[in-house]
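# Working through the structure, step by step
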Amino acid sequence: MIRPVIGPARGVAMARTNELTPPAWELEEIANSKGGPGVVFRDLGDAVKTMPAAMHKLGFVFGFQWYAMFIYWQFVSLSVGESVFGVTPDQKEAFQQAAGWSGLMNASYNAVTMIAAWALATGATSVWSPTRC
């Protein structure tokens, strides 16, 4: 079984973080509340109604980002094949190689992004550590 590398770090973070106990009234409210999908959607609707206006604007903008990523994944192989390798989908063998390179480019991008995120998280932890504040 392949274990995620971040698993032990998550366990350490969970062990070192003190969880705040909810007040008695909130625990009672949770215990007396009904569950189910209807409650989940009602709670989501209430959260959307009470969130700040800036969050609504961000949600609108994220809609465009999600659509852009959808379009990207639909056309990245075609775009790389035509612009970099000069092949069309009619040229099956060459286009499959271009699609393979497209996948390799995306995997490389994701690997670099993951390493950069890890470095940023490590740097942030050392700079803004709770023991330093």
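Residues numbered from 1 in each chain as written. Predicted model: local features only at pLDDT ≥ 70, side-chain atom pairs only at ≥ 80, totals over all residues. Heavy atoms only, no water.

Of the regular secondary structure elements, the chain holds five helices and zero strands. Reading the secondary structure of the chain in the N-to-C direction produces α-α-α-α-α. Residue burial in the chain is summarised as follows: out of 133 residues, 8% are buried. For the chain, the exposed surface amounts to about 11700 Å²; the carbon and sulfur share of it is 68%. (Helix = DSSP H or I, 4+ residues; strand = E, 2+ residues; numbered from the N terminus. Buried < 20%, exposed > 50% of the residue type's maximum accessible area, 1.4 Å probe, protein only. Areas by Shrake-Rupley, 256 points an atom, 1.4 Å probe, with all protein chains shown as cover.)

Further remarks concern a nonpolar patch on the surface. A grouping of Met55, Leu58, Phe62 and Trp66 is seen on the molecular surface, where their side chains present a nonpolar patch of about 450 Å² in accessible area. Within the fold, methionine 55 resides in helix H4 (residues 53-83). (Patch = residues over 30% accessible without salt bridge, like charges linked within 9 Å, V, L, I, M, F, W, Y side chains within 5 Å. Salt bridge = Lys/Arg side-chain N within 4 Å of Asp/Glu carboxyl O.)

Another aspect to go through is the packing of H4 against helix H5 (residues 92-127). With their axes 8 Å apart at the nearest point, H4 and H5 run at an angle of 125° to one another. Looking at the two axes, H4 sits oblique to H5. For the pair H4 and H5, the sense of crossing is right-handed. Listed contacts from H5 to Tyr72, Trp73, Val76, Ser77, Leu78, Val80 and Gly81 of H4 are Phe95, Ala98, Ala99, Ser102, Met105 and Asn106. Along the lines of polarity and charge, the residues of the contact of H4 with H5 split into nine nonpolar, four polar and no charged. (Axes fitted to C-alpha atoms, helices over the stretch in contact; angles between N-to-C directions. Parallel < 35°, antiparallel > 145°, perpendicular 65-115°, else oblique. Left-handed = near helix turned anticlockwise from the far one by under 90°. Contact = heavy atoms within 4.5 Å. Nonpolar A, V, L, I, M, F, W, Y, C, P; charged D, E, K, R; others polar.)

A separate point is H5. Here H5 is 36 residues long and its end C-alpha atoms lie 52 Å apart, about the 52 Å a rise of 1.5 Å per residue gives. All of the buried residues along H5 are Phe95, Ala98, Ser102 and Asn106. Taken together, the buried residues of H5 touch H4. (Expected span 1.5 Å × (residues − 1).)

Below, the discussion takes up the confidence of the model for the chain. Across the chain, the average pLDDT comes to 84, with 88% of residues at or above 70. The weakest mean pLDDT in the chain belongs to helix H1 (residues 7-16) at 67; the strongest belongs to H5 at 90. (pLDDT = per-residue confidence, 0-100.)

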